[in-house]
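Residue-level listing of the chains:
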Amino acid sequence: MSSTAPAAVAAPKKARAAKKATPSKDAAPKAKRGESQRYKYSELNKASLTSGEAQHIYGVIIDATFPYKTNQDRYICSLKIVDPSLYIKSQKGTGDSSDFATVVLYAKRFEDLPIITRLGDIIRVHRATLRLYNGQRQFNANIFYNSSWAVFPQEGAGHGGASHSGKNYSFEKSEDATLANIRKWAQGYFQQYNVVSSDLYVPLAKAAGQKSDFDVVAKVNQVFELDEYTNELRLRDGSGAQTWNVLALKLKFPNVHAGDVVRIRSATYDETSTQKKVLLLSHYSNILTVPANSKLAKEVKAKAGDEKLDKAAINGVNATVLTEVDKKHAGLPVHSLLDLFHNIETDKEIQSKDTFRTQFYVTKIESADVKEWTKSYDKKTKKGASFKGQKGNANAIYQVQFLVKDVSTQFNSNTYKVLLYTHDGLGANFFNTPADNLYTNDKAAKKLQEYSGLLTKFNSWVDAVVERRNGFYFIKDTKIAF
Amino acid sequence: MSKPAAQQSAFKQLFTEMLTQGGDFSKVNKDLKRPLKTYVKESYPFFLVTDGYFFVQAYFTKEAVAEFRSKFNNVNITDLHDRVIVLNSWSLEIRKVNSAETFTSYGNLEIRLIVNSFKPNLNERLNPTRYPINLFRDDELKTQIQQFRWNAINAAAGKAKSEIPDLARVQTASKGKVEGIVKIGSSKGDDFAEFSFKEGTTATLSLKDIFVQEKGKDASPAKDTTAVPKVKGGAKGKGKAAQKSAEKKAAGVSKSAEKVLKYTPSKSVAKKETPQKGAAGKQSAKKSVGGKKATPAMPSPGGKKSIKTTDQMSMNQFKKYLDWHEAKKGGKTIGKRSTTGKASTASGKASKRSKK
DNA sequence: GGGTTTTGGGG
């Protein structure tokens, strides 16, 4: 959970027993004894189109598909890369746009291909053949034969964070400079250029008009856990008022976070979604994070803006989180109700903590009568008394119980108590109105009645920090956001 | 403010209404219950039909299979992939399943398309549509199912009895015990099961059995993909009744209302003779007769792999194998049942789509 | 290769 060097490339899955692992044929070209450099890397725009010889290259990744299966024994990963010799093309009228070479990696197994998660990562390919395909320089590499690849995160130094194909990974001393140089260049490139020019994606406002698939560059405004397998990404790019939804499998895209700017390689407009705006992904679709400090990310973030919570929009169509947590808990790890109420029985880690961030929906609020949500609390006797028939609001506190449920407990027949008891001050601001005698304060009662209704609606969610005291969970540092 | 936005997908509209009607098919709008013209995306090991947007699994009753066998003796159900079929009598029912095992379900609920009577439109080709996706992975349908579950959970929670711990109690040390688990509903197991809908019970044939009937016991990928029956789908009175009423309703329909077509975007209204792009491509690749001998170079699928037995073929290879095999035999449009072995069609010429 | 598998909620 530490935010050190961003994992640039997902580690390849452990090889499975089935198909034989790719033969490790990365043994360097017959280097003459004493020769220090066995691989010579070609600049993308200078690599020979005519030699037909296998060539070695370094490039900065600006796009990539997810590794996908095409038939029984073939997987492909296709990417766009740039380097100082090939990154921009002048266009009359429309201005400059990205230029790039494509790399097509072929493999027998999913595990033999790279999973690219960030723009700006560096890829090295050995023994690729270059040809012109649709006017583009295309490097083809048969990983299933004797080609190989290695991916280095843009962040960081050296080749320590590399992931690679095969078992015979090598990194020569002379490459230190090669890698450092291209990293440095990429750094500047991402800060001065948009990297992916506007002809390489479509503004969300024009998504509905697309006839086939297209790419997107947008800010992830929210990552909502739809179910145990799926996140629903809420995207905005400032091209329209709409927020777009994309279902992204947790396993496939584990590194997408709220606030990120991402590039989606291949999405289609969903004509069948009539309640909300939805984009569809395919098995070859990929979601790549755009470096936060890049020019492009900054611009998109500035344009996208936040979607304000609108009471009228709490209609069940879109899952809505009604609360907000104090920023001081931004780094607090999230735990499910399963952790809080069940796994705690055996999990020492959970037992050792008492404060958690958690998300749930409310099936029932008690007391049923909103006017009884507050009590007059006697600290000495530790008793609360109803305000019914009473005047004044002496020692008013909230004493409310939520019966809640979440994704991790969706199939069981339990509901869980989460308390909003403010006798010690915890959660005192949850309802945005101080505890009061609700038999006399009609305005407050009315407001709470409205909250009660909205909190218990279908698809209303609470994102909260809870603290365990004496075996009970109490809400704190959380409040309704409207 | 918000536009009506008609639902273009027949399946999505139907399945959604099934959910909003509490799982009661009899309450689903009658206008939606006309015959469905569907494209068979896959016919084995899963029989998946599409409406141009989504695919769902089709479940055949034994009556449906018996009728099909008698009327289309020369056609195998498990060879129907890439063909058009019309579901003349069908119904929907909800089943409790394990969604970890049944990919055509969500939230442990499966809405099944039960087929009582259907026929193939062997020479009909549909226009290309978007790549059909699993309806149970659709954002809005998932949400609909979540709502369906929420309704039940909410009702049960409303009845649940729970105490609000008093202020003294929550300030008393609790010997490490965690407080607050409240059971709702009266189900015996751990799973929530307090649903009010009546679960479907219509008995259907497993596709594997159908496959074995058609190809013989050792034809090859005789996988049983029957979704690990939690409760065996026994034929019950209710199921029959629903089935019958469905049949009755569809009985008078002779004009073959093309429900799906109604939802086909105008630009791509199905034209009978227009070959599908993709399909055409496949066909030609396979068709390319070298033009020399009578039974010339029709490349066998699998190419260099030289497959001898069907035992370890992938489904894809297997499908191609079947197509190729049939084409070579000539005549039979779609695989003939292995058991009833008279390959009629005297011509023996290289295949063409047979007329029905 | 700007694509479509099944592992049928990475593929």
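Residues numbered from 1 in each chain as written. Chains lettered and ligands numbered in written order. Predicted model: local features only at pLDDT ≥ 70, side-chain atom pairs only at ≥ 80, totals over all residues. Heavy atoms only, no water.

By the naming in an unreviewed UniProt entry, chain A is Telomeric single stranded DNA binding POT1/Cdc13 domain-containing protein, taken from Halteria grandinella. Per UniProt, the comment on chain A under Subcellular location (unreviewed entry) is "Chromosome, Telomere". (UniProt positions renumbered as here; feature names shortened; annotations may be inferred.)

S.K.: Just to check I follow, could you spell out the overall build of chain A for this structure?
M.R.: The secondary structure content of chain A amounts to five helices and 26 strands. Along the first, second and third principal axes, the C-alpha atoms of chain A reach 95 × 55 × 40 Å. Buried residues in chain A amount to 52% of all 482 residues. By sequence separation, contacts in chain A at least 24 residues apart represent 68% of the contacts at least 6 residues apart. Accessible surface, chain A as shown: approximately 22,000 Å² in total, 49% of it carbon and sulfur. In chain A, the 69 positive side-chain charges and the 50 negative ones have mean positions that sit 2 Å from each other. (Helix = DSSP H or I, 4+ residues; strand = E, 2+ residues; numbered from the N terminus. Buried < 20%, exposed > 50% of the residue type's maximum accessible area, 1.4 Å probe, protein only. Contact = heavy atoms within 4.5 Å. Areas by Shrake-Rupley, 256 points an atom, 1.4 Å probe, with all protein chains shown as cover. Lys, Arg positive; Asp, Glu negative; His and termini not counted. Charge placed at Lys NZ, Arg CZ, Asp CG, Glu CD.)

S.K.: Looking at this model, I keep getting lost on the pattern of salt bridges. Mind explaining?
M.R.: Two side chains carrying opposite charge are able to pair once their charged atoms lie near each other. Per the counting criterion, the structure on display carries 38 salt bridges over all chains. When the shortest N-O distance is used, the salt bridge between Arg69(B) and Glu214(B) registers 3.0 Å. Of this pair, Arg69(B) sits in helix α2 (residues 62–71) while Glu214(B) sits in helix α4 (residues 207–215), and the two are 145 residues apart along the sequence. It is possible to trace a salt-bridge network through shared partners that takes in Asp63(A), Lys80(A), Asp215(A), Arg263(A) and Arg265(A). (Salt bridge = Lys/Arg side-chain N within 4 Å of Asp/Glu carboxyl O.)

S.K.: Even after reading the chapter, I still don't get helix α3 (residues 139–159) of chain B, so can you show me in this structure?
M.R.: One full turn of an α-helix is made of 3.6 residues, so residues set three or four places apart face in the same direction. For α3(B), spanning 21 residues, the distance from its first C-alpha to its last is 30 Å, which sits close to the expected 30 Å at 1.5 Å a residue. The opening residue of α3(B), the one whose side-chain oxygen lies 3.2 Å from the backbone nitrogen of Glu140(B), is Asp138(B). (Expected span 1.5 Å × (residues − 1). Polar contact = N/O pair within 3.5 Å; in protein donor to acceptor, adjacent residues only side chain to side chain.)

S.K.: Got a minute to help me understand the interface of chain A and chain B in this structure?
M.R.: Interfaces are often sized by the accessible area lost when the parts come together. Residue-level contacts link 60 residues of chain A with 59 residues of chain B. Each partner contributes to the roughly 4,900 Å² buried at the junction of chain A and chain B, and carbon and sulfur atoms together form 55% of this total. Three residues, Phe411(A), Ser413(A) and Phe458(A), lead the burial of chain A against chain B; their summed loss comes to 15% of the area buried on that side. Summed over the shared surface of chain A and chain B, the number is three salt bridges. (Buried area = accessible area lost by both parts, 1.4 Å probe.)

S.K.: What is the right way to look at the protein's contact with DNA strand C in this model?
M.R.: In the vicinity of DNA strand C lie 44 residues, with Tyr68(A), Gln72(A), Tyr75(A), Lys80(A) and Gln138(A) positioned nearest. Sugar and phosphate atoms constitute 36% of the interface atoms of DNA strand C, taking the interface as everything within 4 Å of the protein. One nitrogen or oxygen atom from the side chain of Glu42(B) is found 2.7 Å from a base nitrogen belonging to DNA strand C. Within the side chain of Arg137(B), a nitrogen or oxygen atom sits 3.1 Å from a phosphate oxygen of DNA strand C. Among the secondary structure elements, those contributing two or more residues to the surface near DNA strand C are β3 (68–71), β4 (74–82), β7 (101–107), β8 (122–133), β15 (261–269) and β16 (278–290) of chain A. (Near = heavy atom within 4 Å.)

S.K.: Is there a simple way to explain the domain arrangement of chain A in this structure?
M.R.: All names here are of chain A. The assigned domain composition of chain A is domain 1 (55–192), domain 2 (201–307) and domain 3 (320–480). Look at where the C-alpha atoms of domain 2 and domain 3 centre, and you get two points 33 Å apart. Contacts between the two partners involve six residues from domain 2 and, on the opposite side, five residues from domain 3. Ranking the residues of domain 2 by area buried against domain 3 places Phe224, Glu225 and Glu228 at the top, with a combined share of 75%. Across the domain 2-domain 3 interface, the total number found is zero salt bridges. Its residues assigned to classes, the side of domain 2 that touches domain 3 comprises two nonpolar, one polar and three charged. (Domains from an automatic or database assignment. Nonpolar A, V, L, I, M, F, W, Y, C, P; charged D, E, K, R; others polar.)

S.K.: Please clarify how the environment of Thr274(A) should be interpreted in this entry.
M.R.: Assignment of secondary structure puts Thr274(A) in the loop between β15 and β16. Residue classification places Thr274(A) among the partly exposed residues on the basis of a relative accessible area of 27%. Excluding anything up to four places from it in sequence, Thr274(A) contacts Ala5(B), Ala6(B), Gln7(B) and Glu140(B).

S.K.: Before we go on, may I ask you to explain the sheet that holds β16(A) in this structure?
M.R.: Adjacent strands of a sheet pair through backbone hydrogen bonds, lying either parallel or antiparallel. With mixed pairing, the five strands of this closed barrel are ordered in space as β12-β13-β14-β16-β15 (chain A). Direction aside, the axes of adjacent strands within the sheet are offset by 55 degrees on average. For strand β13 (residues 230–236) of chain A and strand β14 (residues 244–249) of chain A, the ladder comprises six bridges, and the chain directions are antiparallel. Directly across from Glu232(A), in β14(A), lies its bridge partner Leu247(A). Relative to the sheet, helix α2 (residues 295–304) of chain A contacts β12 (214–225), β13, β15 and β16 of chain A, its axis offset from that of β12(A) by approximately 60 degrees. On the sheet, α3(B) packs against β13, β14 and β16 of chain A and is oriented at approximately 80 degrees with respect to β14(A). (Pairing = 2+ DSSP bridges. Axes fitted to C-alpha atoms, helices over the stretch in contact; angles between N-to-C directions.)

S.K.: How do you make sense of the nonpolar core when you look at a structure like this?
M.R.: Generally speaking, nonpolar side chains in soluble globular proteins are found buried as a group. Ranked by size, the top nonpolar core spans 68 residues in total, and within it Phe15(B), Phe47(B), Phe60(B), Leu113(B) and Phe118(B) carry the most contacts. If you tally residues by element for this core, the top one is α3(B), at eight residues. In contact with Leu113(B), other than residues within four places in its own chain, are Phe11(B), Phe15(B), Leu36(B), Val49(B), Val56(B), Gln57(B), Ala58(B), Tyr59(B), Leu87(B), Trp90(B), Ser91(B) and Leu92(B). Within the second largest apolar cluster, 54 residues are counted, among which are Val125(A), Ala128(A), Val217(A) and Leu296(A). (Core = buried A, V, L, I, M, F, W, Y, C linked by side-chain atoms within 4.5 Å.)

S.K.: How should I be thinking about the side chain of Lys219(A) in this particular structure?
M.R.: All names here are of chain A. Here Lys219 shows up in strand β12. On the basis of relative accessibility, which here comes to 12%, the residue Lys219 falls in the buried class. Within polar-contact distance, the side chain of Lys219 engages the side chain of Asp306 at 3.3 Å. The residues contacting Lys219, other than those within four sequence positions of it, are Arg234, Leu235, Arg236, Gly259, Asp260, Val261, Val300, Lys301, Ala304, Gly305 and Asp306.

S.K.: I'm lost on the packing of aromatic side chains in this one. Help?
M.R.: Each aromatic ring pair is described using two quantities: the centre-to-centre distance and the angle formed by the ring planes. For the coordinates displayed, the defined rule picks out 42 aromatic pairs over all chains. Ring centres of Tyr451(A) and Phe482(A) lie 5.7 Å apart, and the angle between their planes is 70 degrees; on these two criteria the pair is classed as edge-to-face. Pair noted here: Tyr451(A) is in helix α5 (residues 442–455) and Phe482(A) is in the segment after β26 (478–480), with a separation of 31 residues, a long-range link. Using a relative accessible area of 22% as the deciding quantity, one classes Phe482(A) as partly exposed. Residues Tyr44(B) and Phe211(B) carry aromatic rings whose centres are separated by 4.1 Å and whose planes lie at 20 degrees to one another, so their mutual orientation is stacked. One end of the pair, Tyr44(B), is in the loop between β1 (36–42) and β2 (48–50); the other, Phe211(B), is in helix α4, and 167 residues separate them in sequence. The same class applies to Tyr44(B) and to Phe211(B), which are both buried. What links up through ring pairs into an aromatic cluster is the set Trp373(A), Tyr398(A), Phe402(A), Phe430(A), Phe431(A), Tyr451(A) and Phe482(A). Over the ring of Phe144(A) we find Arg74(A); its NZ or CZ atom is 4.0 Å from the centre of that ring. Directly above the aromatic system of Phe54(B) lies the positively charged group of Arg130(B), at a separation of 4.7 Å from the ring centroid. (Phe/Tyr/Trp six-rings, centres within 6.5 Å; stacked < 30°, edge-to-face > 60°. Lys NZ or Arg CZ within 6 Å of the ring centre and 35° of its normal.)

S.K.: Honestly, the side chain of Ser147(A) in this entry has me stumped. Any pointers?
M.R.: Residue and element names in this part refer to chain A. Note on placement: Ser147 falls in the loop between β9 (136–142) and β10 (148–152). In terms of polar contacts, Ser147 uses its side chain to reach the backbone carbonyl oxygen of Arg127, at 2.6 Å. The contact partners of Ser147, leaving out residues within four places of it in the chain, are His126, Arg127, Ala141 and Asn142.

S.K.: What is the right way to look at the pairing of strand β2 (residues 55–64) of chain A in this model?
M.R.: Where a strand is regular, its side chains alternate between the two sheet faces. Residue and element names in this part refer to chain A. The buried fraction of β2 is high, at 10 of 10 residues. Two strands pair when backbone bridges link them, and strand β1 (residues 41–42) and β2 are joined in this way by two bridges, in the parallel orientation. By the bridge assignment for β2, Ser42 is matched with Ile57. Here β2 pairs with β8 via five bridges, running antiparallel. Looking at β8, one finds that Tyr58 is bridged to Arg124.

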